[in-house]
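Chain and residue survey
Here's the letter readout for the chains.
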2 protein chains.
Amino acid sequence: MPDTQDRRELIVAASAELFARKGIRSTTVREIADAAGILSGSLYHHFASKDDIVQEILLGFLDALTSRYAAVLDAGMDPAQALRALVLTSLQLAKERPDATALYQNELRYLRESQLFKEVEAGAVQVQRVWLDVIERGVAAGDFRADIDPRLFHRLIRDAVWLSGRGRRGDGGYSAEQLADAISAIFLDGYATHA
Amino acid sequence: MPDTQDRRELIVAASAELFARKGIRSTTVREIADAAGILSGSLYHHFASKDDIVQEILLGFLDALTSRYAAVLDAGMDPAQALRALVLTSLQLAKERPDATALYQNELRYLRESQLFKEVEAGAVQVQRVWLDVIERGVAAGDFRADIDPRLFHRLIRDAVWLSGRGRRGDGGYSAEQLADAISAIFLDGYATHA
DNA sequence: GTCTATATTGAGATAGAC
DNA sequence: GTCTATCTCAATATAGAC
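The present account deals with the structure reproduced in this document. (Residues numbered from 1 in each chain as written. Chains lettered and ligands numbered in written order. Predicted model: local features only at pLDDT ≥ 70, side-chain atom pairs only at ≥ 80, totals over all residues. Heavy atoms only, no water.)

Under the fitted operation, chain B is carried onto chain A by 0.0 Å of movement along the axis and a turn of 180°, and the coordinates agree to an RMSD of 0.0 Å. Seen this way, the second copy is the image of the first under a two-fold rotation axis. The position closest to the rotation axis in chain B is occupied by the C-alpha of G190 of chain B, lying 1.9 Å away. In this assembly the copies share their binding face: 100% of the residues contributing to the interface of chain B also contribute to that of chain A. (Least-squares fit on C-alpha atoms with pLDDT ≥ 70 in both. Contact = heavy atoms within 4.5 Å.)

Okay, the packing of helix α8 (residues 117–140) of chain B against helix α9 (residues 150–164) of chain B next. All names here are of chain B. One can describe the packing of α8 onto α9 by two numbers: an axis separation of 10 Å at closest approach and a directional angle of 125°. Relative to α9, the element α8 lies oblique. You can see that α8 and α9 cross each other, and the crossing is right-handed. Counted together, Q128, W131, L132, I135, E136 and V139 of α8 and P150, R151, F153, H154, I157 and V161 of α9 form the full contact between these two elements. Taken together, the residues that form the contact of α8 with α9 break down as 8 nonpolar, 2 polar and 2 charged. (Axes fitted to C-alpha atoms, helices over the stretch in contact; angles between N-to-C directions. Helix = DSSP H or I, 4+ residues; strand = E, 2+ residues; numbered from the N terminus. Parallel < 35°, antiparallel > 145°, perpendicular 65-115°, else oblique. Left-handed = near helix turned anticlockwise from the far one by under 90°. Nonpolar A, V, L, I, M, F, W, Y, C, P; charged D, E, K, R; others polar.)

Much of the literature gives interface size as the accessible area that the parts lose upon coming together. At the interface, 48 residues of chain B touch 48 residues of chain A. Buried area between chain B and chain A, both sides added, is near 3900 Å², and the carbon and sulfur share of it is 55%. A per-residue breakdown of the area chain B buries against chain A is headed by R109, R145 and Y191 of chain B, which together make up 21% of the total. Taken together, the links from chain B to chain A amount to 2 salt bridges. Two residues, R109 of chain B and E107 of chain A, come together in a salt bridge whose shortest N-O distance is 3.2 Å. Taken together, the links from chain B to chain A amount to 28 residue pairs in polar contact (both at pLDDT 80 or more). Breaking the side of chain B that touches chain A down by element, the ones donating at least two residues are α1 (4–22), α7 (108–113), α8, α9 and α10 (176–189) of chain B. (Buried area = accessible area lost by both parts, 1.4 Å probe. Salt bridge = Lys/Arg side-chain N within 4 Å of Asp/Glu carboxyl O. Polar contact = N/O pair within 3.5 Å; in protein donor to acceptor, adjacent residues only side chain to side chain.)

Turning to the packing of aromatic side chains, a few remarks are in order. Counted according to the given criterion, the structure contains 15 aromatic pairs over all chains. Aromatic pair Y104 of chain A and W162 of chain A: ring centres 5.8 Å apart, planes at 85°, arrangement edge-to-face. Here the residue Y104 of chain A occupies a position in helix α6 (residues 98–106), and W162 of chain A occupies one in helix α9 (residues 150–164), the gap between them amounting to 58 residues. Of the two residues, Y104 of chain A and W162 of chain A, both sit in the buried class. When the centroid spacing of 3.7 Å and the interplanar angle of 10° are considered together, the rings of Y191 of chain A and F153 of chain B count as stacked. (Phe/Tyr/Trp six-rings, centres within 6.5 Å; stacked < 30°, edge-to-face > 60°. Buried < 20%, exposed > 50% of the residue type's maximum accessible area, 1.4 Å probe, protein only.)

A separate point is the pattern of salt bridges. Residue and element names in this part refer to chain A. Throughout the structure, instances matching the rule amount to 24 salt bridges over all chains. We note a salt bridge from R145 to D147, for which the minimum N-O separation is 2.9 Å. Residue classification places R145 among the buried residues on the basis of a relative accessible area of 18%. In this structure, the salt-bridge partner of D159 is R158, at a minimum N-O distance of 3.2 Å. For D159, a relative accessible area of 6% gives the class buried. Here R158 falls in the partly exposed class, since its relative accessible area comes to 26%. What you see here is one network of salt bridges that share partners, running through R129, D133 and E136.

Written as structure tokens, this is what we have:
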């Protein structure tokens, strides 16, 4: 069998896939162990609890997300360009890590119930701050509408990004770029033609 | 104690509130019984299973939704007006029945796992059909953009409607009308100012 | 129609041998 | 580092008295 580091990674990867497909609650430690090629008791040599695995997945995801957002902000774009870049960056990460993305999007309630939320809250707040800053900068510059609450707009575009990036079925095999273009076009310019 | 009909209604209402707040899986039959003022064993005089309660909630919700959508279609509006009306109608129902709305929006995975999905699938498909027909009619009429897949647009606006209608916290106490105006404005005309 | 009491199942986690 | 065996708890559901 592989060394410790590999086995740990294997457990994390298998867990992420199961959590994303079946939900955290419906995934048992026995299923995780099966997928990792060991028995359930042996999991506890690597992790103190099932929630510890969840935490490792989510912190890794938020870490990647915040560092990519920082790179976007450093590029010094105007608000509309920055918004497009945030959409694209998010969708690219969603394609690379569909399982962690699904957890971040679907398991908020589980996180709250399991007291795990406070462990990832800082990262989530930081992510929200980035979006809101870009949006508010656009409103201040007159590039975005002043008659709609920036927080409301943020919630709408955030949900559109993460839900459409879920991967799996229904998204018709769009690339991250295609999805980003469509979402940016709708949210900035609208779906009506204004002929 | 009240007669049978009242007790049944009480169980359904209490269940809906608990399911929406804590999730179906995390809500125990004991909690439901507590909220209804009886003991858990007595629940099974009214319902054959916990899932039977879920089914009653969801079918009632889908019933209300499809009948209201039918009324919208009967009004004979142009595509953009019809889309606005669907948004408003949906948000109004979401305000009236926040708990059932939350189930419809959040518990899809539970429904699939519990075999309950096939019981509500027909209604869900009907609902989707209404949205898609309006959208495709708008594209055909040249009112909506032809460069974006109607199914993608449907998914985005559907998620925006149901997620923003969740009620509870975060939506800053907007009325259904205010939310519908904002969502329609963004999705049809865009958030950019085009000065 | 509701109660008491309990059957049954499945889950996360632990102890200690190897 | 993994296995075997098991503890403990909580959940849905049932049986039968009242």
